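Tertiary structure, described
Next come the chains, spelled out residue by residue.
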Amino acid sequence: MPQERNAARPDGAVEGDPLAVDWSTVSLPDAWPDTLDLRRPSHAAAYVRGWFGGRRPVVVPADLPGADRLPPYLLREFHHLPNGVYSKRHADAYARWFDRLMLGATVGARARLAAALAGCRAALDVGCGSGGLAAAMRAAGIPEVWGLDPSPYLLQLAARAHREIRFTQGLAERTGFRAARFEGVGACFLFHELPPRVADAALAELRRVLVPGGRLVIAEPSPVQFRVRDWRALARRAGRRGLYFAAMAKWMYEPFVAGWHGRDVASWLGSHGFRLLGDEPGIPVRFISASRD
Ligand SMILES: C[S@@+](CC[C@H](N)C(=O)[O-])C[C@H]1O[C@@H](n2cnc3c(N)ncnc32)[C@H](O)[C@@H]1O
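Because the structure is predicted, anything quoted here is derived from the model rather than measured.

Concerning the overall build of the chain
Per the secondary structure count, the chain includes 10 helices and 7 strands. Its C-alpha radius of gyration of 19 Å places the chain within 12% of the 19 Å reference for a compact globule of 293 residues. Projecting the C-alpha coordinates of the chain onto the three principal axes gives extents of approximately 55 × 55 × 30 Å. Out of the 293 residues in the chain, the part that is buried amounts to 41%.

Put into structure tokens, the structure is as follows:
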């Protein structure tokens, strides 16, 4: 990830912050799904093979910003997307379809996370994707908001949609910010996508960039729809909506999700210097909030 730093701070950011590139204007290279002309039968066939021909490692163009620093665990076809979120075509599709497939629950989740951070002076949306939580943080009145994500394709969508927010390429486990930079950090549907050792490193890093007493708020897919023992009981509790999310949890390719759901979150947070304030496993979203010791 680029760890260049702005010496002069024309944008008012703090000395030592990572470079806030204007991703809206960066020219990004085409990844293989972008080079396909779906009107041509051979290209259409290659595209269909991308969806149904088994998962392959994600291939990023050599000249993609930060390409040489993307860790291998990221380069998987999460959610069955050919080349994951590492193409213009599928970053855009992901940004447009994620909230729809979640029946709007993620929109409400981001508003709730942002409301929990209202009053912070500076906050970070870690794993920001196309910037929805960062935008909700601004709407909640947080004056300084940053979004961080490894995918330049998603950062570009985020920057084009939310021009008043700074977006930087980085990893949750190595953000590039100085210690105690933020009063609040929010993560929406990030941790279940990380291998356990990376989730540990990310939590340690988020503690480092938070001020003492700072707030960490997390939304993740709920374990309720992940581990269904009694489908009838689920139907009684949550109706067709609950069954839909349980079916989706079974179908979705998320290689690290079982590790995430296996965690004892209270002791995990405690062992990393956080105090658990709340843990609500609803359907389909689990909300976790904690304060940094
Ligand atoms: C399920 S998406 C959620 C995106 C966004 N938070 C939202 O609410 O729509 C997970 C995001 O985490 C990002 N991500 C994956 N591994 C990461 C890491 N190690 N550090 C930071 N972000 C990561 C992905 O690029 C993707 O944008």
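More follows now that the structure is in view.
What about helix H8 (residues 231-251)?
With 21 residues, H8 should reach 30 Å at 1.5 Å per residue; the first-to-last C-alpha distance of 15 Å falls well below that figure. Among the residues of H8, Gly242, Phe245, Ala246 and Ala249 are the ones counted as buried. Where H8 is buried, its residues contact strand S5 (210-221) and helix H7 (223-226).

Describing the pairing of strand S3 (residues 166-169)
Two faces make up the sheet, and in a regular strand the side chains alternate between them. Burial along S3 is two-sided: the face carrying Arg166 and Thr168 and the face carrying Phe167 and Gln169 are both buried. Here strand S2 (residues 144-149) runs beside S3; their pairing, made up of 4 bridges, is parallel. Residue Leu148 lies in a different strand from S3, and its bridge partner there is Thr168. Once the chain exits S2 it traverses helix H5 (residues 152-161) before rejoining the sheet at S3, and the crossover so formed is right-handed.

Topic: the site of the ligand
Among the 24 residues in the neighbourhood of the ligand, the closest are listed as Gly127, Gly129, Ala172, Cys188 and Phe189. For the shell around the ligand, a count of residues per class yields 15 nonpolar, 5 polar and 4 charged.

So, the sheet that holds S2
Consider a sheet: its strands pair through backbone hydrogen bonds, and that pairing is either parallel or antiparallel. Taken in spatial order, the 7 strands of this open sheet run S3-S2-S1-S4-S5-S7-S6, and their pairing is mixed. Taken across any chain shown, the strands that pair with only one partner, and hence form the sheet edges, are S3 and strand S6 (274-281). Each adjacent strand pair in this sheet contributes to an overall mean axis angle of 15 degrees, direction not counted. As judged from the 5 bridges shared by strand S1 (residues 122-126) and S2, these two strands associate in the parallel manner. Bridge pairing in S2 links Ala123 to Val145.

Quick look at unusual backbone geometry
Across the junction of Ile283 and Pro284, the peptide omega takes the value 5 degrees, indicating a cis bond. The residue Pro284 is located in the loop between S6 and strand S7 (285-292) in this model. The backbone phi angle of His79 is positive, close to 60 degrees, even though this residue is not glycine. Mapping His79 onto the fold places it in the loop between helix H1 (41-52) and helix H2 (88-101). Taking the number of C-beta atoms within 10 Å as the measure of exposure, His79 has 17 and is therefore partly exposed. Phi is positive for Ala180, close to 55 degrees, though the residue is something other than glycine. Relative to the assigned elements, Ala180 resides in the loop between S3 and strand S4 (182-188).

What about the nonpolar core?
Membership of the largest hydrophobic core comes to 65 residues, with the highest contact counts inside it found for Leu117, Ala123, Val126, Met137, Val185 and Leu206. If you tally residues by element for this core, the top one is H5, at 6 residues. Look past the residues within four positions of Val185 in its chain and what remains in contact with it is Ala123, Leu124, Val126, Leu206, Val209, Leu210 and Leu216.

Comments concerning the confidence of the model for the chain
Looking at the chain, pLDDT values average 94 and 96% of them are 70 or higher. Predicted confidence is poor over residues 5-10, with pLDDT under 50, and the contacts of this stretch with residues over four places away or in other chains come to 8 contacts.

Rules of the game
- Residues numbered from 1 in each chain as written.
- Predicted model: local features only at pLDDT ≥ 70, side-chain atom pairs only at ≥ 80, totals over all residues.
- Helix = DSSP H or I, 4+ residues; strand = E, 2+ residues; numbered from the N terminus.
- Rg over C-alpha atoms; globule rule 2.2 N^0.38 Å.
- Buried ≥ 20, exposed ≤ 12 C-beta atoms within 10 Å, placed from the backbone.
- Expected span 1.5 Å × (residues − 1).
- Contact = placed C-beta atoms within 7 Å.
- Pairing = 2+ DSSP bridges.
- Right-handed = clockwise from strand over helix to strand, strands pointing away.
- Near = placed C-beta within 6 Å.
- Nonpolar A, V, L, I, M, F, W, Y, C, P; charged D, E, K, R; others polar.
- Axes fitted to C-alpha atoms, helices over the stretch in contact; angles between N-to-C directions.
- Core = buried A, V, L, I, M, F, W, Y, C linked by C-beta atoms within 7 Å.
- pLDDT = per-residue confidence, 0-100.

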